[in-house]
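What follows is each chain in one-letter form.
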Amino acid sequence: MEKILDRIVKKNKIKTKFGNVANYIPGLDKAGKEDLGICLLDMDGNRYVHGDYNKKFTIQSVSKPIALMLAMLDNGVDYVFSKVGTEPTGDAFNSMIRLETAIIKKPYNPMINAGAIAVSSMIKGKDKEEKFKRLLDFFKMVTENDTLEYNEEIYSGENRTGNKNRAMAYFMKDQGVIESSVEDSLDVYFKQCSIEVTTVDLAMVGMFLARNGRLSTGEKIISDYQAKAVKSLMMTCGMYDGSGEFALKVGIPSKSGVGGGIMSVLPNKMGIGIYGPALDKKGNSIGGDGILEDLSKELDLSIF
Ligand code: DON
């Protein structure tokens, strides 16, 4: 396995030249464009790591499936999906066009920004501090990493410049999708996106879902149905408007983020975390995408 990872990471490092580090959130552009790393965990307790696997980066949209799990625990599956849909859009992750034009007056799915902000608005707590603390504690539990914290610089940068997310949130409040305070919901969302992780943390989340919502101790945290909901939405919507091609070429439920992270789940088998901040035009890690395609082919990992 070490040899395979070494070869695949080296090969895909070349692709990072053709991508770009995200710069629309102040601070994200400080990442090293050629950074690339992976952590792969399997059910037998093996851990394989390579490259920049231990570098910290902000989780960004990879936070969305994790927040969805807590929102489902807090409110039940039916309530969550009465406010957020389960269909892919084929649009960019930050697109707002369908919020008004769609027949269903709710964001299409929990993986795009609009849907994720709606999900964050459902996290329970008496104020924004308690809501975020509950969410961060949940992140710590599923990653089995007590040291997780959010990056103040990236959080305040996004809070300052996130006008489009703000616009979508106020629109959703008007539509009755967001029932709690808009500013509190945005604060929770911006903070959750700026939580710093490594590929190991993402691989642990992958393993949690691979075990259908169990910690490594065997303790069951979310129901089988909730775990299936998260994995299926990752498969259909997790790589945004690249999800269809990704399903064909890789075939592994995955979620990307503009910090360069990808979290992948092979049900009952593996959790994979990847870091590669050079992104393609759709906002997915260009090197990470290549690594997953090669790994899937070589190890026959596609679930299809
Ligand atoms: O809301 C945003 O735009 C960012 N905090 C997260 C977007 C993101 O990670 C999209 N992923 N590829």
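Since the model is a prediction, treat every value here as computed from it, not as a measurement.

Basis of the calculations
Sequence order as written defines the numbering, with residues in each chain counted from 1. Per-residue local features of the predicted model are confined to residues with pLDDT of at least 70, and side-chain atom pairs are confined, for both listing and counting, to 80 or more; whole-chain, interface and lining totals are unaffected and use all residues. Heavy atoms throughout the structure, all of them, feed into the side-chain values; hydrogens and water do not. Aromatic rings from Phe, Tyr and Trp, taking only the six-membered ring of Trp, are treated as a pair when their centres fall within 6.5 Å; an angle between ring planes under 30 degrees marks them as stacked, one over 60 as edge-to-face, and anything in between as tilted. Using a 1.4 Å probe on the protein chains alone, a residue whose accessible area is under 20% of its type maximum counts as buried, one over 50% counts as exposed, and one in between counts as partly exposed. Comment: the charge-over-ring label is applied if NZ (Lys) or CZ (Arg) is within 6 Å of the ring centre and within 35 degrees of the ring normal. Segments assigned H or I by DSSP are reported as helices when at least four residues long, segments assigned E as strands when at least two residues long, and all are numbered from the N terminus. Take the residue count of a helix, subtract one, and multiply by 1.5 Å to get its expected span. Here a residue-residue contact requires only that any non-hydrogen atoms of the pair lie within 4.5 Å. We define a polar contact as two N or O atoms separated by no more than 3.5 Å, with the added condition that, inside protein, one atom must be a possible hydrogen donor and the other a possible acceptor, whereas residues neighbouring each other in sequence contribute only through side-chain atom pairs. Any residue with a non-hydrogen atom lying within 4 Å of a molecule or strand is treated as near it. Residue burial considers only the protein chains on display, and all accessible areas are found by Shrake-Rupley using a 1.4 Å probe. Each domain's extent was defined by an automatic or database domain assignment. UniProt positions are given in the numbering used here, feature names are shortened, and annotations may be inferred rather than shown by experiment. Throughout, an axis means a line fitted to C-alpha atoms (over the contacting stretch in the case of helices), and angles, computed between N-to-C directions, take values from 0 to 180 degrees. Roughly parallel means an angle under 35 degrees; roughly antiparallel means over 145; roughly perpendicular covers 65 to 115; every other angle is labelled oblique. Each crossing is labelled by how the near helix is turned from the far one, with a counterclockwise turn of less than a right angle marking it left-handed and a clockwise turn marking it right-handed. Each residue gets one of three labels, nonpolar for Ala, Val, Leu, Ile, Met, Phe, Trp, Tyr, Cys and Pro, charged for Asp, Glu, Lys and Arg, and polar for the others, Gly among them.

1. Topic: the packing of aromatic side chains
Now for step 1: Overall, the coordinates contain six aromatic pairs when judged by the stated rule.
Now for step 2: Where Tyr189 meets Phe190, the ring centres are 5.9 Å apart and the plane angle is 55 degrees; that geometry is what we call tilted.
Now for step 3: Residue class for Tyr189 comes out buried when judged on its relative accessible area of 1%.
Now for step 4: Residue Phe190 is classed as buried on the basis of its relative accessible area, which comes to 0%.
Now for step 5: Every member of this aromatic cluster is reached through a ring pair, and the members are Tyr24, Phe93 and Tyr240.
Now for step 6: A cation over a ring is seen here: Arg98 above Tyr108, with NZ or CZ 5.2 Å from the ring centre.
Now for step 7: Above the ring of Tyr155, the side-chain terminus of Lys191 is found at 5.0 Å from the ring centroid.

2. Topic: helix H9 (residues 182–193)
The α-helix advances 3.6 residues per turn, and as a result positions three or four apart in sequence lie on the same side.
Now for step 1: Between the first and last C-alpha of H9 there are 17 Å, a value that for 12 residues agrees with the 16 Å anticipated at 1.5 Å per step.
Now for step 2: With 10 of 12 residues buried, H9 lies mostly within the body of the structure.
Now for step 3: By the burial criterion, the buried members of H9 are Val182, Ser185, Leu186, Asp187, Val188, Tyr189, Phe190, Lys191, Gln192 and Cys193.
Now for step 4: Those residues of H9 that are buried are in contact with strand E4 (57–58), helix H2 (63–75), helix H5 (113–120), helix H6 (128–143), helix H7 (152–161) and helix H8 (163–174).
Now for step 5: Capping the start of H9 is the job of one residue whose side-chain oxygen sits 3.5 Å from the backbone nitrogen of Glu183: Ser181.

3. Re the site of the ligand
Now for step 1: Around the ligand sit 15 residues in total, of which Tyr24, Gln60, Ser61, Glu158 and Tyr189 are the nearest.
Now for step 2: Contact between the ligand and Tyr189: an oxygen atom at 2.6 Å from a side-chain N or O atom of the residue.
Now for step 3: At 2.8 Å, a backbone N or O of Val258 approaches an oxygen atom of the ligand.
Now for step 4: Taken by itself the ligand offers 340 Å² of open surface, and the protein chains cover 99% of this.
Now for step 5: Lining the shell around the ligand are residues from two domains, each supplying at least three of them: domain 1 (2–59 + 196–299) and domain 2 (61–193).

4. Section: the UniProt feature "binding site: substrate" (unreviewed entry) in the protein chain
Now for step 1: Here, UniProt's "binding site: substrate" (unreviewed entry) annotation points to Ser61, Asn113, Glu158, Asn165, Tyr189, Tyr240 and Val258.
Now for step 2: The topology assignment puts Ser61 in the loop between E4 and H2.
Now for step 3: Every residue in contact with Ser61, bar those within four places of it in the chain, is listed here: Asn113, Tyr240, Lys255, Ser256 and Gly257.
Now for step 4: Examined against the element boundaries, Asn113 turns out to sit in helix H5.
Now for step 5: The residues contacting Asn113, other than those within four sequence positions of it, are Ser61, Lys64, Phe93, Asn94, Asn165, Met168 and Tyr189.
Now for step 6: Separated by 2.7 Å, the side chains of Asn113 and Lys64 make a polar contact.

5. Description of the packing of H2 against helix H11 (residues 224–237)
Now for step 1: Between H2 and H11, whose axes approach to 10 Å, the crossing angle comes to 150 degrees. Between H2 and H11, the angle falls in the class roughly antiparallel. Here H2 and H11 pass one another in a crossing that is right-handed. Packed against H2, whose contacting residues are Pro65, Leu68, Met69, Met72 and Leu73, the element H11 presents Gln226, Ala229, Val230, Leu233 and Met234 at the interface.
Now for step 2: Its residues placed into classes, the contact of H2 with H11 shows nine nonpolar, one polar and no charged.

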